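Descriptive analysis of the structure
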Amino acid sequence: MRDWRKEGLHAEKAKILLVFVVFLTICNYFLLSMILSMLLASILVIFIFSHFYHKFLVVSLANKRKTIRIFPEETVNISFDIHAKSIVPLYYGRFSFLVSNHLKVENMKSLVEKKDSTIYSFDISSGKSSYPYTVKALKRGRVIFRQMEVHLFDPLFLGESTYIYNPFYKTEIVVLPKMKPVSGMENLLSKVHGNNPSLYSFFQEPILISGVRDYTPDDAFQQIHWKASARTGLLQTKILEKTFQQKWTFLVNVGEEGQGTTYSHYFSEQLEDRISHIAFLLQLAEKQGIEFEMYINIVARNPHRLVYLEEGSGKEHLIKGLDLLARIDHLSPLVKVNRLIGSAESSLRRSTGVILCGISKEEVLQTLSDRYILQLPMFELHSTEAGGAVQRC
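All values derive from a computational prediction rather than experimental measurement.

A few words on the sheet that holds strand 2 (residues 58–61). Judged by pairing direction, the sheet is antiparallel, and its 4 strands sit side by side in the order 2-4-9-6 without closing on themselves. In this open sheet, the two edge strands, each paired with only one partner strand, are strand 2 and strand 6 (103–105). Ignoring strand direction, the axes of neighbouring strands in this sheet form an average angle of 30°. Relative to strand 9 (residues 130–137), strand 6 runs antiparallel, the two being bridged by 3 bridges. Paired with V105 across the two strands is V135, which belongs to strand 9.

Quick look at the nonpolar core now. Formed by 37 residues in total, the largest nonpolar core has its most connected members in F250, M294 and I296. Breaking this core down by element, the ones donating at least two residues are helix 3 (185–189), strand 17 (247–252), helix 5 (271–288), strand 20 (291–299), strand 21 (306–312), helix 6 (315–326), strand 22 (353–357) and strand 23 (378–384). Among the elements that line this core, the one with the most residues is helix 5, at 8 residues. Residues contacting M294, with those up to four places away along its chain left out, are F250, V252, I278, L282, V307, Y308, L309, G321, L324 and L325. One finds Y53, V150, Y165 and I173 within the second-largest nonpolar core, a separate group that totals 35 residues.

What follows covers the pairing of strand 12 (residues 160–165). Extensive coverage of strand 12 is indicated by the burial of 6 of its 6 residues. With burial as the criterion, each face of strand 12 is covered, one bearing E160, T162 and I164 and the other bearing S161, Y163 and Y165. From the end of strand 11 (residues 146–153) to the start of strand 12, which pair antiparallel, there are 6 residues, and F157 there has a positive phi angle of about 55°.

What follows covers the environment of A386. As for its placement among the helices and strands, A386 is situated in the loop between strand 23 and strand 24 (387–392). Since its relative accessible area comes to 83%, A386 is described here as exposed.

What follows is about the side chain of T162. Looking at the element boundaries, T162 is found in strand 12. Polar side-chain contacts of T162 include one of 3.2 Å to the side chain of H151.

Here the focus is the environment of N77. Structurally, the position occupied by N77 is in strand 4 (residues 75–85). A relative accessible area of 64% means that N77 is categorised as exposed. The spacing of N77 and K136 is 59 residues in sequence and 9.1 Å in space, taken between C-alpha atoms. For N77, the contacting residues outside a window of four places in its chain are Y133 and T134. Within polar-contact distance, the side chain of N77 engages the side chain of T134 at 2.7 Å.

Over its 18 residues, helix 5 extends 26 Å from the first C-alpha to the last, a length consistent with the 26 Å expected when each residue adds 1.5 Å. In terms of burial, helix 5 is largely enclosed, as 13 of its 18 residues are buried. Where helix 5 terminates, the next one or two residues include G289, which has phi positive at roughly 70°.

Here the focus is the packing of aromatic side chains. Tallied over the entire structure, the rule returns 17 aromatic pairs. Consider the rings of F122 and Y131, whose centres lie 5.6 Å apart with planes at 40°: the pair is tilted. As far as burial versus exposure is concerned, F122 and Y131 are alike and both buried. Taken together through their ring pairs, the aromatic side chains of F80, F95, F97, Y120, F122, Y131, Y133, F145 and Y169 make up a single cluster.

Our focus in this paragraph is the pattern of salt bridges. According to the stated counting rule, one finds 11 salt bridges in the structure shown. Of the charged contacts, one joins E311 and K247 as a salt bridge, the two residues approaching to 3.4 Å between their closest N and O atoms. Pair noted here: E311 is in strand 21 and K247 is in strand 17, with a separation of 64 residues, a long-range link. Classification of E311 by relative accessible area gives partly exposed; the value is 33%. Residues joined in a network through salt bridges with shared partners are R69, R142, E172, D323 and R327.

What counts and how
- Residues numbered from 1 in each chain as written.
- Predicted model: local features only at pLDDT ≥ 70, side-chain atom pairs only at ≥ 80, totals over all residues.
- Heavy atoms only, no water.
- Pairing = 2+ DSSP bridges.
- Helix = DSSP H or I, 4+ residues; strand = E, 2+ residues; numbered from the N terminus.
- Axes fitted to C-alpha atoms, helices over the stretch in contact; angles between N-to-C directions.
- Core = buried A, V, L, I, M, F, W, Y, C linked by side-chain atoms within 4.5 Å.
- Buried < 20%, exposed > 50% of the residue type's maximum accessible area, 1.4 Å probe, protein only.
- Contact = heavy atoms within 4.5 Å.
- Polar contact = N/O pair within 3.5 Å; in protein donor to acceptor, adjacent residues only side chain to side chain.
- Expected span 1.5 Å × (residues − 1).
- Phe/Tyr/Trp six-rings, centres within 6.5 Å; stacked < 30°, edge-to-face > 60°.
- Salt bridge = Lys/Arg side-chain N within 4 Å of Asp/Glu carboxyl O.

Written out as structure tokens, the structure is:
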């Protein structure tokens with residue numbers, strides 16, 4: 001019971017019963033009635049039973065670390081593993097908890113509906129250890145369960161014991177951002193060769209051989225195709241496939257600029273649209289096999305001192321990126337844009353494209369002086385409720 005804090009026993013009915021016992025005792029003193037004596041004894045037994053029932057109540061709640069990820073409009077079935085017992089196995093009670101309005105619990109009664117959260121409750125009964133419930137995701141965000149309470153009644157409903165759960169409940173539901181399409185993707189995905197000032201790099205993959213040609217003195221010794229040379233009687237050189245390496249760097253500003261040059265520390269009104277469009281671009285990068293990384297101007301405890309997604313690719317990395325976007329909270333402290341750009345400077349040199357989200361190219365030019373980075377292809381993501389668009393800048 002260390003995990004639970006008992007608020008006390010509320011026994012208004014028991015107090016009334018006690019007053020009634022005193023009244024009957026006085027009456028029996030004068031009347032000396034056997035029936036009244038038996039009635040008094042019965043009531044006294046009931047009172048003692050109720051007292052010890054609440055005294056020996058034990059409540060437990062399974063609390064394993066679990067993260068459940070779903071998209072808006074999706075539903076998922078979960079359960080609370082609760083167990084309560086006393087001197088007898090029979091008990092009646094109610095379990096309640098508070099969650100934010102990022103989701104809705106569909107099969108439970110809502111007690112109090114607030115602007116940003118709702119208190120739900122459901123009945124618990126003996127013989128059960130798992131109580132399933134269904135939640136429907138409504139909007140992006142991280143949802144945790146708070147103010148978890150158990151209200152238990154004795155079988156005669158003479159008293160009510162309230163237990164408040166003290167530890168942090170480790171099950172969390174992460175509602176991933178909804179993906180909204182972005183126009184102008186042909187510019188972002190184009191592979192322009194020649195004098196394009198970017199870090200487009202072509203590498204030869206030694207295990208991908210597209211053909212052979214006659215050997216020239218400039219060819220490396222390792223590129224000689226010995227089997228083909230033996231067949232033809234002349235030295236032959238391998239023709240290797242060329243691979244195109246790409247990495248996108250997202251610089252994300254979730255804040256808003258005030259009037260003039262002063263940076264205002266409040267979140268952008270287009271934040272949700274911006275996040276939805278970034279989520280779409282992350283999914284596009286995963287489908288195209290493009291590595292990506294992301295810097296967000298929110299304070300975090302890491303070497304960069306801000307929220308950061310390391311470079312990577314694949315579905316698991318996409319989930320990491322969407323999870324990071326889902327956890328952006330309006331209560332998080334913001335970082336100035338110039339500090340965000342400066343933190344990403346060393347990584348930008350290895351990028352083939354920089355996607356600016358809520359940041360202009362002029363801000364990058366004012367912060368960085370590295371000519372090599374300034375020649376990289378840069379794209380601005382414009383997000384509005386009407387739609388998103390990527391433009392070369």
